[in-house]
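Structure assessment
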Amino acid sequence: MMRKLLLSRQKPAQLIGSGLGAFLGISLLLFTLQAFLDFKSFLTEKEALIHPEYLIINKRISMLSSFSESRKFSAQEQNELAELPEVVRVAAFRSNQFPASGSIMNGNRGMAAELFFESVPSEMIDGNLERFKWEIGDEQLPILVPSNYLKLYNFGYAPSQGMPQVSPQTLSQMTFRLRLDSMGIPIYKNAFIAGYTERIPSILVPDNFLEYANQVYAGKGNEEPSRLLVEVKDPSNPAILHYLEDHAYESNQEQLKNARLSSAFTLIGGILAVIALVILLLAFLSFFQYTQLSLQRNAYEIKTLLDLGVRPSQLFIPFIQVLAAMLVGLCGGALLLLWLCKNWLNSAAGEYGIALSEGLQGGVLITTLLIFVAFIAIQALGIRKGIQYLGGYTSSSN
Amino acid sequence: MRIQLKNSIPIPLKGSISADSNWNKELEFISPKTYLICAGSGKGKSSLLHMLHGSRRDYEGQIRIDGEVLSEFSPNKLAQMRAKKMAFVFQDLRLFPQLTAFENLNLLQNIHGLELGTKISEYAERLGVSDCLPKPCGILSLGQQQRIAILRALLQDFEFLVMDEPFSHLDEENQKKAGQLIDEVLKSKNAGLVMSALSENAPLHIDERMFL
């Protein structure tokens, strides 16, 4: 009966208006959040598939830097990069400091080419490294080549030269003749393909071989590297991209495109989230005014009930119950709408071979709960204050 | 229940009271005694009763209820006093016009969990307002509404009944009926009464008369 008494003077038109505003605000905010989290999780899954955590970086080459030392990474620059929170570790590419060439014979036909080698620590190389080992005194040198090189040979070079195509297994069994130039004296070694790498687009030899060979054949210590292999926690993190851009570093890695995409999406998502928050705030303000107006409309009833010995909390509960029931409906409706749209989007994306995460993101549900709690808490404070004012316990309702 | 007033006076009345007034002195109301506050218009009868009820706070001095300072009561404690110890009949009645007379009488039973049984119909019969019970209070005459307001106060728990000119819209016959019922209820509850009126005459038993 008390609820009937307190809610009898309500005007539903403003409540419906505020409700629609709040529904729009909540829906837009949850949509934005769900899309953002889905997009992040989609990028993360995609990157996990293509070894996302490794970037190969170099300094941007300009007219001035072509022949200067500035295209090399100093120890300080390497350390600075390694200390970034997003970076797990940094390894330098070592390259040969002596001329080298290789030849291969096939019957009475053969081919020869100038070669270069690079090396990085073995633990940062992908693929099977069982045969990729070298010790001083070994006559045969294992080499890793990028998978793409074999494709380039099989589908580019071999048909044009009338050479046979070879499988990875066949190539692994072939031996190459290497000519290493040790300060004018040729040194010959046999080499074989020990495996293939997807991650590093270079001809790799064991790191300990190149360290040894640079000292023995070139008589030089190891120079500062011009390329670095960087393991990062999340290559889609725009902070990495910004760091590279700020220092004029380059990376040709696919995942940095994702970082740019992620940056753009974060910006758009941020703008949408701000719009949603403004709508939500206005709707909640309208709700707040509606509640205060309701208290004023029922001022006679509230004051009389307080004078008859009704506790303020007993008057507070019916108002909060109505608002909570309404907000549950609004949040539930927004979540249902989001879930329906998500299902539709998932099936539409599935037709294009894009697999989005199933169901609603945990962050969306937590945000809904936070909206609910914040709304009820603010309304509860306002109603409590309004009732105390009407009961004459405080001097002002604001 | 014991109500004590020490040098109490509503701030708006300051400077306009006569020397023989009871304002700004020490007063005491102890249940189950019955008191009649007599004064002409504008002398502060309603102010005094609202001060005792805790709904008027713009006064100087101190009021104690069973030894505790009334102005320091929390909203919940004040509510408990009004629900259990002090029933009030307002001069402006304070009924809910959108509810029926029965709903007005039954409202406190709902809120405070009182067991009224057949008291509503019995008391309504005694005051001649049985026919009014199913009707919205908003369409009743002032006399009928005044009787409903008196009944609402009598139906709740109390140790003191406070009534602000409760018979102003009743004829002599109905005043007599109401007075008799009030006397009976006070006796059955062993409760006291503080009532304001323009004249010294009252249709019920009065132990002490005070003049403002």
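Residues numbered from 1 in each chain as written. Chains lettered and ligands numbered in written order. Predicted model: local features only at pLDDT ≥ 70, side-chain atom pairs only at ≥ 80, totals over all residues.

Regarding the overall build of chain A
- Scanning chain A from terminus to terminus reveals 11 helices and 11 strands.
- Per-residue burial for chain A yields a buried fraction of 29% across its 398 residues.
- Across chain A, the fraction of contacts at a sequence separation of at least 24, relative to all contacts at a separation of at least 6, is 77%. (Helix = DSSP H or I, 4+ residues; strand = E, 2+ residues; numbered from the N terminus. Buried ≥ 20, exposed ≤ 12 C-beta atoms within 10 Å, placed from the backbone. Contact = placed C-beta atoms within 7 Å.)

Remarks on the overall build of chain B
- Broken down by element type, chain B carries six helices and nine strands.
- Looking at the 212 residues of chain B, the share that counts as buried comes to 42%.
- By sequence separation, contacts in chain B at least 24 residues apart represent 78% of the contacts at least 6 residues apart.

Here's the deal with the sheet that holds strand S9 (residues 208-211) of chain B
Residue and element names in this part refer to chain B.
- Reading across the sheet, the five strands line up as S6-S7-S8-S3-S9 and stay open at both edges, with parallel pairing between neighbours. Pairing within the sheet leaves two strands with one partner each, and these edge strands are strand S6 (86-89) and S9. Between one strand axis and the next, the sheet turns by 15 degrees as a mean value, whatever way the strands run.
- Relative to strand S7 (residues 160-164), S6 runs parallel, the two sharing four bridges. Looking at S7, one finds that Met86 is bridged to Phe160. (Pairing = 2+ DSSP bridges. Axes fitted to C-alpha atoms, helices over the stretch in contact; angles between N-to-C directions.)

Comments concerning the interface of chain B and chain A
- Across the contact, 18 residues belong to chain B and 18 residues belong to chain A.
- Looking at the side of chain B that touches chain A, the elements with two or more residues in it are helix H2 (75-84) and helix H3 (101-112) of chain B.
- For the side of chain B that touches chain A, the element with the highest residue contribution is H3 of chain B, accounting for six residues.
- When grouped by side-chain class, the residues that make up the side of chain B that touches chain A number nine nonpolar, five polar and four charged. (Nonpolar A, V, L, I, M, F, W, Y, C, P; charged D, E, K, R; others polar.)

A short note on the packing of helix H4 (residues 119-127) of chain B against helix H6 (residues 172-189) of chain B
Residue and element names in this part refer to chain B.
- Contact geometry for H4 and H6: axes closest at 9 Å, N-to-C directions at 145 degrees. Contacts between H4 and H6 involve Tyr123, Arg126 and Leu127 from the former and Lys177, Ala178 and Leu181 from the latter.
- Residue composition of the contact of H4 with H6, by class: four nonpolar, no polar and two charged.

Side note on the sheet that holds strand S2 (residues 87-92) of chain A
Residues and elements named next belong to chain A.
- Taking strand neighbours across the sheet as the criterion, the four strands line up as S2-S10-S1-S11 in an open arrangement whose pairing is antiparallel. The outermost strands of the open sheet, each flanked by one partner alone, are S2 and strand S11 (249-251). Adjacent strand axes in the sheet meet at a mean angle of 30 degrees, parallel and antiparallel pairs treated alike.

Here we look at the nonpolar core
- Within the largest apolar cluster, 98 residues are counted, with the highest numbers of intra-cluster contacts made by Ile26 of chain A together with Ile148, Leu151, Leu161, Val162 and Val194 of chain B.
- If you tally residues by element for this core, the top one is helix H10 (residues 312-351) of chain A, at eight residues.
- Ala92, Ile200, Ile203 and Val205 of chain A belong to the second largest nonpolar core, which has 34 residues in total. (Core = buried A, V, L, I, M, F, W, Y, C linked by C-beta atoms within 7 Å.)

A word on the packing of H4 of chain B against helix H5 (residues 142-155) of chain B
Residue and element names in this part refer to chain B.
- One way to put it is that H4 packs onto H5 with a least axis distance of 10 Å and a crossing angle of 140 degrees. Accordingly, the angle class assigned to the pair H4 and H5 is oblique. Handedness of the crossing formed by H4 with H5: right-handed. The segment H4 lies against H5, with Lys119, Ile120, Tyr123, Ala124 and Leu127 engaging Arg147, Leu151, Leu154 and Leu155. (Parallel < 35°, antiparallel > 145°, perpendicular 65-115°, else oblique. Left-handed = near helix turned anticlockwise from the far one by under 90°.)

Quick look at H4 of chain B
Residue and element names in this part refer to chain B.
- Within H4 the residues assigned to the buried category are Tyr123, Ala124 and Leu127. What you see down the axis of H4 is that its buried residues fit within an arc of 100 degrees, all on one side. Turned more than 90 degrees away from the buried face of H4 sit Glu122 and Glu125, all of them exposed.
- Close packing links the buried residues of H4 with H5 and H6. (Arc of directions from axis to C-beta.)

Focus on unusual backbone geometry
All names here are of chain B.
- Here the bond from Ser31 into Pro32 is cis, since omega is 10 degrees, no more than 30 degrees from zero.
- Tracing the backbone through its elements, the reader meets Pro32 in the loop between strand S2 (26-30) and strand S3 (34-38).
- Phi is positive for Asp66, which is not a glycine, with a value near 50 degrees.
- With respect to the helices and strands, the residue Asp66 is situated in the loop between strand S4 (59-65) and strand S5 (68-69).
- Taking the number of C-beta atoms within 10 Å as the measure of exposure, Asp66 has 12 and is therefore exposed.
- Of note, the phi angle at Leu93 is positive, near 70 degrees, even though the residue is not glycine.
- Considering the arrangement of structural elements, one finds Leu93 in the loop between S6 and H3.
- Accessibility expressed as a C-beta count within 10 Å gives 20 for Leu93, which makes it buried.

Focus: the confidence of the model for chain B
Residues and elements named next belong to chain B.
- Across chain B, pLDDT averages 93, with 100% of residues at or above 70.
- Taken element by element, chain B is modelled with least confidence in H3, mean pLDDT 88, and with most confidence in S7, mean pLDDT 97.
- Prediction confidence for the complex, expressed as pTM and ipTM, is 0.63 and 0.93 respectively. (pLDDT = per-residue confidence, 0-100.)

A look at the confidence of the model for chain A
- Summing up the model confidence of chain A, the mean pLDDT is 82 and the portion of residues at 70 or higher is 90%.
- When pLDDT is averaged over each element of chain A, helix H9 (residues 299-307) of chain A comes out on top at 93 and helix H1 (residues 2-7) of chain A at the bottom at 76.

Considerations on the pairing of strand S8 (residues 192-197) of chain B
Residues and elements named next belong to chain B.
- Across the six residues that make up S8, a large majority, six, are buried.
- Across the two faces of S8 the burial is the same, with Gly192, Val194 and Ser196 and Leu193, Met195 and Ala197 all buried.
- In this structure, S3 lies alongside S8, joined through five bridges in parallel fashion. Its bridge partner being in S8, Leu36 is matched across the sheet by Met195.
- Taken together, S7, H6 and S8 form a β-α-β motif whose crossover is right-handed. (Right-handed = clockwise from strand over helix to strand, strands pointing away.)

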